[in-house]
Amino acid sequence: QVQLVESGGGLVQTGGSLRLSCAASGSIFRVNAMGWYRQAPGKQRELVATITSGGSTNYADSVKGRFTISRDNAKNTVYLQMNSLKPEDTAVYYCNAQVVDLRWRQRDYWGQGTQVTVSS
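Residues numbered from 1 in each chain as written. Predicted model: local features only at pLDDT ≥ 70, side-chain atom pairs only at ≥ 80, totals over all residues. Heavy atoms only, no water.

### With respect to the pairing of strand S5 (residues 46-51)
Relative to S5, strand S4 (residues 28-39) is paired through five bridges, and the arrangement is antiparallel. Bridged to Gly35 within S5 is Thr50. If you look at the hairpin formed by S4 and S5, you'll find six residues sitting between the two strands, and Gly42 has a positive phi there, around 80°. Relative to strand S6 (residues 57-59), S5 runs antiparallel, the two being bridged by three bridges. Bridge assignment links Thr50 to a residue of S6, and that residue is Asn58. (Pairing = 2+ DSSP bridges. Helix = DSSP H or I, 4+ residues; strand = E, 2+ residues; numbered from the N terminus.)

The structure is reproduced here in structure tokens:
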């Protein structure tokens, strides 16, 4: 069993900052890529940012220059620092991790989601 637990969402004004965290725990052999996705009301879930175990990152164009993804491999934790937030960043943010478990099976896991609301 593998669990992803997110924290750090909330309500912030336009231009403000938030930091999301997501910790993976359980029967983990290795965590490969980790990432953040978001889903706004009435819209499909979309990629925000991803990071490999080696630290290579990828960002959606809409967040480049404002968001920074990072990870602590020793803690199996991924972070998303969000600066210069805009109302259009309002969404439920989901953590994703590609995990190899103790039986050497790889699969994707998702967190429960954390609400980010940016007021204008």
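Picking up after the structure, the text goes on.
### A short note on the state of the cysteines
The final tally for this structure, using the stated rule, is one disulfide. Here Cys22 connects covalently by a disulfide to Cys95, the sulfurs 2.1 Å from one another. One disulfide, between Cys22 and Cys95, carries an S-S torsion of -80° and so falls in the left-handed class. Taken as a pair, Cys22 in strand S3 (residues 18-26) and Cys95 in strand S9 (residues 91-101) lie far apart in primary sequence, 73 residues in all. For the pair formed by Cys22 and Cys95, the shared burial category is buried. (Disulfide = S-S within 2.5 Å. Buried < 20%, exposed > 50% of the residue type's maximum accessible area, 1.4 Å probe, protein only.)

### Observations concerning the side chain of Arg66
Here Arg66 shows up in the loop between S6 and strand S7 (67-72). A distance of 2.7 Å separates polar atoms of two side chains, one belonging to Arg66 and the other to Asp89. If sequence neighbours within four positions are ignored, Arg66 has contacts with Gln81, Met82, Asn83, Ser84, Leu85, Lys86 and Asp89. (Polar contact = N/O pair within 3.5 Å; in protein donor to acceptor, adjacent residues only side chain to side chain. Contact = heavy atoms within 4.5 Å.)

### Things to note about the nonpolar core
Ranked by internal contacts, the top residues of the largest apolar core, which has 32 residues, are Trp36, Leu80, Met82 and Tyr93. Looking at this core, the elements that each hand over two or more residues are strand S1 (2-7), S3, S4, S5, S7, strand S8 (77-82), S9 and strand S11 (114-119). (Core = buried A, V, L, I, M, F, W, Y, C linked by side-chain atoms within 4.5 Å.)

### Topic: the packing of aromatic side chains
Taken as a whole and assessed by the stated rule, the structure comprises two aromatic pairs. Ring centres 5.1 Å apart and planes at 65° place the aromatic pair Tyr37 and Trp110 in the edge-to-face group. With a gap of 73 residues between them, Tyr37 in strand S4 and Trp110 in strand S10 (residues 106-110) connect regions that are remote in the sequence. Judged by relative accessible area, which is 38%, Trp110 ranks as partly exposed. Taking the ring centre of Trp110 as reference, the NZ or CZ of Arg45 above it sits at 4.7 Å. Against the face of Tyr109 rests Arg107, its NZ or CZ located 4.1 Å from the ring centre. (Phe/Tyr/Trp six-rings, centres within 6.5 Å; stacked < 30°, edge-to-face > 60°. Lys NZ or Arg CZ within 6 Å of the ring centre and 35° of its normal.)

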